[in-house]
Amino acid sequence: MQIVLCGVPQSLVIGPLLYAELSEVIMRHSLDVHQYADQLYLSVLSDDASVAVERLDACLVDVQVWLRASRLRLSLTKTRHVARVRTAVGQGGY
């Protein structure tokens, strides 16, 4: 029996160098990035929902291209869009 002194979060299959490359791909799109364990959340705040979705879509396309080039894949069953639209105060905004 061996004692494990460190580990990798569940589902995380990339090391620090590939993670740094992936981060560069995402940062090109100027999105907000939030991380928790092995999950990555990308968000954008816009006055126009279609602009927000376009920016997220463009980033995900670039991420998929990078993943394929790195012989990895995006789990489409775990990939979701959540668009938040800024509205005027008093009109149902957040």
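Reading the values: rules and limits
Residues numbered from 1 in each chain as written. Predicted model: local features only at pLDDT ≥ 70, side-chain atom pairs only at ≥ 80, totals over all residues. Heavy atoms only, no water. Helix = DSSP H or I, 4+ residues; strand = E, 2+ residues; numbered from the N terminus. Buried < 20%, exposed > 50% of the residue type's maximum accessible area, 1.4 Å probe, protein only. Contact = heavy atoms within 4.5 Å. Areas by Shrake-Rupley, 256 points an atom, 1.4 Å probe, with all protein chains shown as cover. Axes fitted to C-alpha atoms, helices over the stretch in contact; angles between N-to-C directions. Parallel < 35°, antiparallel > 145°, perpendicular 65-115°, else oblique. Left-handed = near helix turned anticlockwise from the far one by under 90°. Core = buried A, V, L, I, M, F, W, Y, C linked by side-chain atoms within 4.5 Å. Expected span 1.5 Å × (residues − 1). Polar contact = N/O pair within 3.5 Å; in protein donor to acceptor, adjacent residues only side chain to side chain. pLDDT = per-residue confidence, 0-100.

Asker: Which parts of the structure should I look at to understand the overall build of the protein chain?
Answerer: Check the secondary structure of the protein chain and you find two helices and four strands. In the protein chain, the succession of α and β elements from N to C terminus is α-β-β-β-α-β. The 94 residues of the protein chain split such that 17% are buried. Residue pairs at least 24 apart in sequence account for 52% of intrachain contacts in the protein chain once pairs closer than 6 positions are excluded. Carbon and sulfur atoms provide 57% of the accessible area of the protein chain, an area that totals close to 7,600 Å².

Asker: I keep staring at the packing of helix α1 (residues 16-27) against helix α2 (residues 49-69) and nothing clicks. Help me out?
Answerer: Geometrically, a packed helix pair is captured by the angle between its two axes and the distance between the axes. Where α1 meets α2, the axes come as close as 9 Å, and the angle between the chain directions of the two elements is 150°. Taken together, α1 and α2 sit at an angle that is classed as roughly antiparallel. For α1 against α2, the interelement crossing comes out right-handed. The segment α1 lies against α2, with L18, E21, L22, V25 and I26 engaging C59, D62, V63 and W66.

Asker: Any chance you could explain the nonpolar core here in plain terms?
Answerer: Within soluble globular proteins, side chains that are nonpolar generally end up buried alongside one another. Grouped together as the largest cluster of nonpolar side chains are eleven residues: L22, V25, I26, L31, V44, A52, L56, C59, V63, W66 and L67. Sorting the residues of this core by element identifies α1 and α2 as the ones contributing at least two each. In terms of residues, this core owes the most to one element, α2, which gives six residues. In this view, W66 contacts L18, E21, L22, V25 and L72; residues no more than four positions away in its chain are not counted.

Asker: What is the right way to read α2 from this model?
Answerer: Each α-helix winds once per 3.6 residues, and so residues spaced three or four apart point in a common direction. For α2, built from 21 residues, the straight-helix expectation of 30 Å at 1.5 Å per residue is met to within 8% by its first-to-last C-alpha distance of 30 Å. In this fold, the buried residues of α2 make contact with α1, β2 (39-43) and β3 (45-46). At the exit of α2 stands R71, carrying a positive phi of roughly 60°.

Asker: Mind showing me how you'd approach the side chain of S43 here?
Answerer: When you line up the elements, S43 lands in strand β2. A distance of 3.4 Å separates polar atoms of two side chains, one belonging to S43 and the other to H34.

Asker: What exactly am I supposed to notice about the confidence of the model for the protein chain here?
Answerer: Low pLDDT marks stretches whose predicted atomic positions should not be read closely. The share of residues in the protein chain with pLDDT of 70 or more is 68%, and the mean pLDDT across the chain is 76. The lowest-confidence element of the protein chain is strand β4 (residues 84-85), averaging 66 in pLDDT; the highest-confidence one is α2, averaging 88.

Asker: Would you explain unusual backbone geometry in this entry?
Answerer: Note: most residues except glycine have negative phi, and most peptide bonds are trans. Unlike most non-glycine residues, S30 shows phi in positive territory, near 50°. Among the structural elements, S30 can be located in the loop between α1 and β1 (32-36). With a relative accessible area of 56%, S30 lands in the exposed category.

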